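# Observations on the model geometry
Here are the chains, one letter per residue:
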Amino acid sequence: MEKDNTKINLGEQQHLEIENDDLYEHHKFIASDGQEPLRVDKFLMNFIENATRNKIQQAAKAGNILVNNIVVKSNHKVKPKDIVRVVLAYPPAENLLVAEDIPLDIIYEDDTVIVVNKPASMVVHPGHGNYSGTLVNGLIHHIENLPTNSNERPGLVHRIDKDTSGLLVVAKTEFAMAHLSKQFFDRTTERLYYALVWGNIEEDEGRIEGNIGRSLKNRLQMAVFPDGDFGKHAVTHFKVLERLTYVTLVQCKLETGRTHQIRAHFKHIGHTLFNDERYGGNEILKGTTFTKYKQFVQNCFKVLPRQALHAKTLGFTHPTTGEFLRFNSEIPDDISECLEKWRTYSEHSKEEIE
């Protein structure tokens, strides 16, 4: 990220201004139209993952927090459309990309594209709290001179969450970057996910539609706004693959690609993803109150210590050949083992009923 060369007013009562040639923007947020007055330290805690209020307040004391380009104290109230920025004297670590020799599960590669099967727990690109060991760190070691997207992230045309496993396509040329990005924008790619969700979904298949935007209550979550007042249009199609008493295995087809789309949509319809900690799926949401059952679910959580979501199928038109390519990945061991536990439990439950 380039240095921000705008002038900063050091306090409302001071006329002294300095050129912040040595300051770099680390975070920038624009308050929504519906933002209620909120202290800037609380506002930033809602946005910056793993940040503590004490660290934010220390940054404010040091003059590193700006609202509409004016340095503010931690008790400053953020209002609708305010631009809140955090600037520091060193560049963001995510912009200091270091090539790392990280093993990559490469499904396909040619001169134009590369398809990678990302394991769970691997972050796609460097960001707050994750500056090494990411997929991008491994990619720039494997391939030199990757093109960058609009966010200066090498090769990426889409992403999946840290604890979601599965397939991604990476562009190796500027032309491939533009071509693939247009496919994702035009919704001509094919993306199928497998998800294990809480509860028995009665319909064999269905369609979930509802705008997705950042939650107004918990800024680390995305929420569904069915009336379309906030967020972006989002559609998820699903088909039930297997019913396992208190959980359901579903195949999800993305019509759009919003952040946390599957996770937010299924929570919205009352079927939170199994062991999705951020959305409350790490609690026992369905089932009995028996101690034996609680222990069984806890054992499932240990086997699958993340949300049960896998990007199984990825299809796209090759940028240069025009051929439609489709790739499939195996369900990872942690999800498979969890499913086997639920299958065994379901069989025993049927036998007891019979």
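We now turn to the structure provided with this report. (Residues numbered from 1 in each chain as written. Predicted model: local features only at pLDDT ≥ 70, side-chain atom pairs only at ≥ 80, totals over all residues. Heavy atoms only, no water.)

## Details of unusual backbone geometry
- Positive phi values are uncommon outside glycine, yet N145 reaches one of about 60°.
- Within the element layout of this structure, N145 appears in the loop between α3 (135-142) and β11 (165-171).
- The phi dihedral of R187 is positive, around 65°, even though this residue is not glycine.
- Examined against the element boundaries, R187 turns out to sit in the loop between α4 (174-186) and β12 (190-198).
- With a relative accessible area of 39%, R187 lands in the partly exposed category. (Helix = DSSP H or I, 4+ residues; strand = E, 2+ residues; numbered from the N terminus. Buried < 20%, exposed > 50% of the residue type's maximum accessible area, 1.4 Å probe, protein only.)

## Notes on the side chain of S165
- Examined against the element boundaries, S165 turns out to sit in strand β11.
- Aside from chain neighbours lying at most four places away, what touches S165 is K118, P119, A120, I160, R306, L309, H310, A311 and P332. (Contact = heavy atoms within 4.5 Å.)

## Observations concerning the pattern of salt bridges
- A full pass over the atoms with the stated rule returns 14 salt bridges.
- Across the salt bridge formed by R243 and D204, the nearest N and O atoms sit 3.2 Å from each other. Residue R243 is found in strand β16 (residues 235-244), and its partner D204 is found in the loop between β12 and β13 (205-209); the two are separated by 39 residues along the sequence.
- Residues R343 and E242 are paired through a salt bridge, measuring 2.8 Å at the closest nitrogen-oxygen approach. Taken together, the residues span a long stretch of sequence, with R343 in helix α7 (residues 333-353) and E242 in strand β16 at a distance of 101 residues.
- R343 sits in the partly exposed class, given a relative accessible area of 25%.
- A network of salt bridges, in which partner residues are shared, links R159, D161, R263 and D276. (Salt bridge = Lys/Arg side-chain N within 4 Å of Asp/Glu carboxyl O.)

## A word on the nonpolar core
- Counting 31 residues, the largest nonpolar core has L135, Y193, V250, I262 and F266 as the members making the most contacts within it.
- Of all the secondary structure elements, the ones that give two or more residues to this core are β10 (113-118), α3, β11, β12, β16, β17 (247-254), α5 (261-268) and β18 (309-317).
- Considering each element in turn, this core owes the most residues, four residues, to α3.
- Beyond its immediate stretch of four places on either side in the chain, V250 contacts Y193, Y194, A195, V197, I201, K239, V240, L241 and F266.
- Formed by 19 residues, the second largest nonpolar core is a distinct cluster that contains F301, L304, I335 and C338. (Core = buried A, V, L, I, M, F, W, Y, C linked by side-chain atoms within 4.5 Å.)

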